[in-house]
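Structure assessment
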Amino acid sequence: MCSIIGYEGRGEAAPLLVKGLQRMEYRGYDSAGVAILSQREISVRKGVGKVSEVNALVHMDELRGEVGIGHTRWATHGGVTEANAHPHLSNSGQIALVHNGIVTNYIELREELRSKGFSFNSQTDTEVIVNLLQLNFEETRDVKTAMMRTVATLKGNYSFAAVFPDGTLAAARFHEPLIVGISRDGYLVASDILGFVEQTDKVIYLDNREIITMKDGGQVICDFDGKPVRHELIRVSNEIADADKGEYVHYTLKEIFEQPASILRTAEKIAPEVARAAEMIESAKNLYITGSGSSFHAALVGKYLLSKFGGLNIEAIMASEAEFSPHHLDSESVMIAISQSGETADVLEAANWAKEKGARIISIVNKTSSSLAQMSSLTIGLGCGPEIGVAATKSFTSQLVVLYTIAGLLSGGTLSPRFDNLSRQMSEVLDNQTKIKALAEKLTGLSDIYILGMGANYSIASEAALKIKELAYVHAEALPGGELKHGPLALLDSNSYVVFLNPSDSTYSNVMTSAHEVKARGAKIIGISNRPSEIYDYWINLPSTEAEMFPLVEMIPMQLLAYYLAIHRNANPDYPRNLAKSVTVK
Ligand code: F6R
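Conventions used here
Residues numbered from 1 in each chain as written. Predicted model: local features only at pLDDT ≥ 70, side-chain atom pairs only at ≥ 80, totals over all residues. Heavy atoms only, no water. Pairing = 2+ DSSP bridges. Helix = DSSP H or I, 4+ residues; strand = E, 2+ residues; numbered from the N terminus. Axes fitted to C-alpha atoms, helices over the stretch in contact; angles between N-to-C directions. Contact = heavy atoms within 4.5 Å. 1 Å grid on protein atoms, 1.4 Å probe; cavity = no way out; pocket = protein on both sides within 12 Å on 5 of 7 lines; lining within 4 Å. Points joined across faces, edges and corners; volume = space filled by probe spheres on them. Nonpolar A, V, L, I, M, F, W, Y, C, P; charged D, E, K, R; others polar. Polar contact = N/O pair within 3.5 Å; in protein donor to acceptor, adjacent residues only side chain to side chain. Core = buried A, V, L, I, M, F, W, Y, C linked by side-chain atoms within 4.5 Å. Buried < 20%, exposed > 50% of the residue type's maximum accessible area, 1.4 Å probe, protein only. Domains from an automatic or database assignment. Phe/Tyr/Trp six-rings, centres within 6.5 Å; stacked < 30°, edge-to-face > 60°. Near = heavy atom within 4 Å. Areas by Shrake-Rupley, 256 points an atom, 1.4 Å probe, with all protein chains shown as cover. Buried area = accessible area lost by both parts, 1.4 Å probe. Salt bridge = Lys/Arg side-chain N within 4 Å of Asp/Glu carboxyl O. Parallel < 35°, antiparallel > 145°, perpendicular 65-115°, else oblique. Left-handed = near helix turned anticlockwise from the far one by under 90°.

Some thoughts on the sheet that holds strand β18 (residues 360–365)
An order of β16-β15-β17-β18-β19 is seen for the five strands of this open sheet, with the pairing classed as parallel. Each end of this open sheet is capped by a strand with a single partner; those strands are β16 (314–318) and β19 (378–381). Mean inter-strand twist for the sheet, computed between neighbouring axes without regard to direction, equals 20°. Across four bridges, the pairing between β18 and β19 is parallel. Counted as the bridge partner of Ser363 is Thr379 from β19. The strands touched by helix α13 (residues 394–410) are β15 (286–291), β17 (333–339), β18 and β19; relative to β17, the strand with the most contacts, the crossing angle is about 150°.

Describing empty space enclosed by the protein
Which parts of space are left empty comes out when a probe the size of a water molecule is rolled across the atoms. For the structure on display, the rule yields two cavities of 30 Å³ or more. Empty space within the largest cavity amounts to approximately 80 Å³. Considering the residues around the largest cavity, the lining is formed by Cys2, Arg73, Trp74, Ala75, Thr76, His77, His86, His99, Gly101, Thr124, Asp125 and Thr126. Grouping the amino acids of the lining of the largest cavity by side-chain chemistry returns three nonpolar, seven polar and two charged. In this structure, the second largest cavity spans a volume of roughly 50 Å³. For the lining of the second largest cavity, the per-class residue count stands at four nonpolar, one polar and four charged.

With respect to the side chain of Thr72
Assignment of secondary structure puts Thr72 in strand β4 (residues 67–73). Looking at Thr72, its side chain comes within polar contact range of the side chain of Ser3, at 2.5 Å. Not counting the four nearest positions on each side in its chain, Thr72 is found in contact with Cys2, Ser3, Leu21, Met24, Glu25, Gly28, Ser31, Ala32 and Val51.

Re the sheet that holds β4
If you walk across this open sheet you meet the eight strands as β3-β2-β4-β1-β10-β9-β11-β14, and the pairing is antiparallel. For this open sheet the edge positions go to β3 (41–48) and β14 (234–235), each flanked by a neighbour on one side alone. Pairing of strand β1 (residues 3–9) with β4, which is carried by six bridges, proceeds in the antiparallel orientation. Looking at the pairing, Ile4 lines up with His71 of β4. Where helix α1 (residues 13–23) meets the sheet, it contacts β1, β2 (31–38) and β4, and its direction lies at approximately 155° from that of β1.

So, the nonpolar core
Formed by 85 residues in total, the largest nonpolar core has its most connected members in Ile336, Ile406, Ile451 and Met558. Tallying contributions element by element places helix α18 (residues 550–568) first for this core, with 13 residues. When residues are assigned to domains, this core turns out to be shared by domain 2 (245–417) and domain 3 (426–577), each giving three or more. Not counting residues up to four positions away in its chain, the partners in contact with Ile406 are Val274, Ala277, Ala278, Ile281, Leu306 and Ile380.

Here we look at the packing of aromatic side chains
Across all of its chains, the model carries seven aromatic pairs by this definition. Where Tyr158 meets Phe174, the ring centres are 5.6 Å apart and the plane angle is 35°; that geometry is what we call tilted. In this pair, Tyr158 sits in strand β7 (residues 156–163) while Phe174 sits in strand β8 (residues 169–174), placing the two residues 16 residues apart along the sequence. Aromatic side chains Tyr563 and Tyr564 sit 4.9 Å apart centroid to centroid with 80° between the ring planes, which places their arrangement in the edge-to-face category. For the pair Tyr563 and Tyr564, a shared accessibility class is recorded, and that class is buried.

Observations regarding the site of the ligand
Contacts to the ligand come from 15 residues, most closely from Ser295, Ser339, Ser341, Thr344 and Glu470. Residue Ser339 places a side-chain N or O atom 2.6 Å away from an oxygen atom belonging to the ligand. Between the ligand and Val390 there is a distance of 3.4 Å, counted from an oxygen atom to a backbone nitrogen or oxygen. Protein contact buries 90% of the 410 Å² of open area that the ligand shows by itself. Its residues assigned to classes, the shell around the ligand comprises five nonpolar, eight polar and two charged. A domain-level breakdown of the shell around the ligand finds at least three residues from each of domain 2 (245–417) and domain 3 (426–577).

What to know about the environment of Phe550
Relative to the assigned elements, Phe550 resides in helix α18. By relative accessible area, Phe550 is classed as buried at 1%. Along the backbone, Phe550 and Asp61 are 489 residues apart, and their C-alpha atoms lie at a distance of 48 Å.

Here's the deal with the domain arrangement of the chain
Structurally, the chain comprises domain 1 (3–241), domain 2 (245–417) and domain 3 (426–577). Put simply, the middle of domain 1 and the middle of domain 2, counted by C-alpha atoms, are 32 Å apart. Taken together, the nine residues of domain 1 in the interface contact seven residues of domain 2. Of the roughly 810 Å² buried between domain 1 and domain 2, counting both surfaces, carbon and sulfur atoms make up 48%. Inspection of the domain 1/domain 2 interface yields one salt bridge. The partner of Asp192 in a salt bridge is Lys367, with the nearest N and O atoms 2.6 Å apart. Inspection of the domain 1/domain 2 interface yields one residue pair in polar contact (both at pLDDT 80 or more). Considering only residue class, the side of domain 1 that touches domain 2 consists of five nonpolar, no polar and four charged.

Things to note about the packing of helix α14 (residues 419–431) against α18
Packing of α14 against α18 leaves a shortest axis separation of 9 Å and a crossing angle of 25°. Taken together, the axes of α14 and α18 lie roughly parallel to each other. As for the relative orientation of α14 and α18, their crossing is right-handed in sense. Together, Phe419, Leu422, Gln425, Met426, Val429 and Leu430 of α14 and Leu552, Val553, Ile556, Pro557 and Leu560 of α18 make up the contact between the two elements. Among the residues forming the contact of α14 with α18, the class breakdown is 10 nonpolar, one polar and no charged.

Now the structure itself:
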């Protein structure tokens, strides 16, 4: 939800931190700040807005000093104000801290600290951590002990980094990501490798319940009980290769255009894991599939494919609803958990809940070092490269590639996806984007739009509606074609626009019936189809593909429509308001 970063070394800390924060801004971007230590004095510069806006005002990158921390925020406790922005200083002003996650017992801790004479300047849960560090450091004069004592009192999930007056940078991880980078001139810690991608590709993935202290070119890692821990150094060049926007104006656009290549990368690399997954799935007595947001829409397509082609009885559960779902979970059950980040709290909770009942977890993740991957019996990595745009695009189509491949293996030959053909067909749609751009311009003033589909195309309609909502801030609603007459028709009149996902598959004639019902109410019809029809007021031509494969192709024009609608409505598609890429809170 937030991003944290820290540096200790021989170089100037502030410029590195500010650059790193910009790269991690996808995790939260309502305020930003840095704290730098120089000659035992800590200076803090922070403010409300994106990193570039705050930097233009307070020049964070001009602070001098070789130890520092930085933060971008996605508000949870307390409004978006300068006082609530991180870093936070302890009462003595001698310790500064940045934090990602939530301390659930902060109210009790704050009261305890107040009774010892501490005061608080913000509404955040973070300020209790930094003041606990001060209290424990004053009592022990030892950074490691102060860190251990502090984490022993915290409840919740968190990672944090702190600068101490003796020049130590210390950090702790508990169920929120924290990665250590080792560069030529120092150490970095960050919530994502992207935070230090320009400095190094040598990393250590800290585990939960670990503390690292870095000082004078050395580092020590221990667990929360103080036991020393050794970690392998990992090189991550593949994971970070695509982290630049390149020639594109936005990451979102770049990631949409990457899909003809990224689906092939996924298809090529998953073979051994999907074969094992197919075996586990086939032998499961009870089968569930879960995810949140876009990943849940992929789960819905997965349910359709595995029941239709695998002949399996499978239930799709929205991750946030898992605890309220009736279930039959035991050691013969399998849960397929889908998550780009592998850090989504709702998904982790659903998977934990299933695991506690004895179920095995198959995870489909883009981040193979994530918490979800770590708790799974089998992990299938998407390998589609880092997705920086907050809205899921290429990760969604790669998730579908995995699910199509598993369904193909279980289909006894009735489904054999040709991803090379699909890749070409996606490129065709992308090459013809002018028409979609023009359509988006026409729709700029719209306040509502409906997207209709049936069968697996309805799941794509749901994903398309989510894209339009989050990127363009237009109310968008997915409609299953057959349900129109059961209520939604009442909404339609000559001012309405309805997008029809209408490929020539088994849904075609039923969808056409719905199109006539809509036309009769005077609404405008946008047809996304490989077949032209006079009923369409606007037609976006889809390349013809095998009937079952249309969901993958028709997603592309819908992503482009959402993107260009955002552009025409002056919204920044990379950073939708109120959202963050990795939703690590409940
Ligand atoms: C929508 C979007 C979100 C995520 C959801 C789950 O574009 O990005 O709906 O899909 O927050 O995230 P992951 O897949 O990381 O679990």
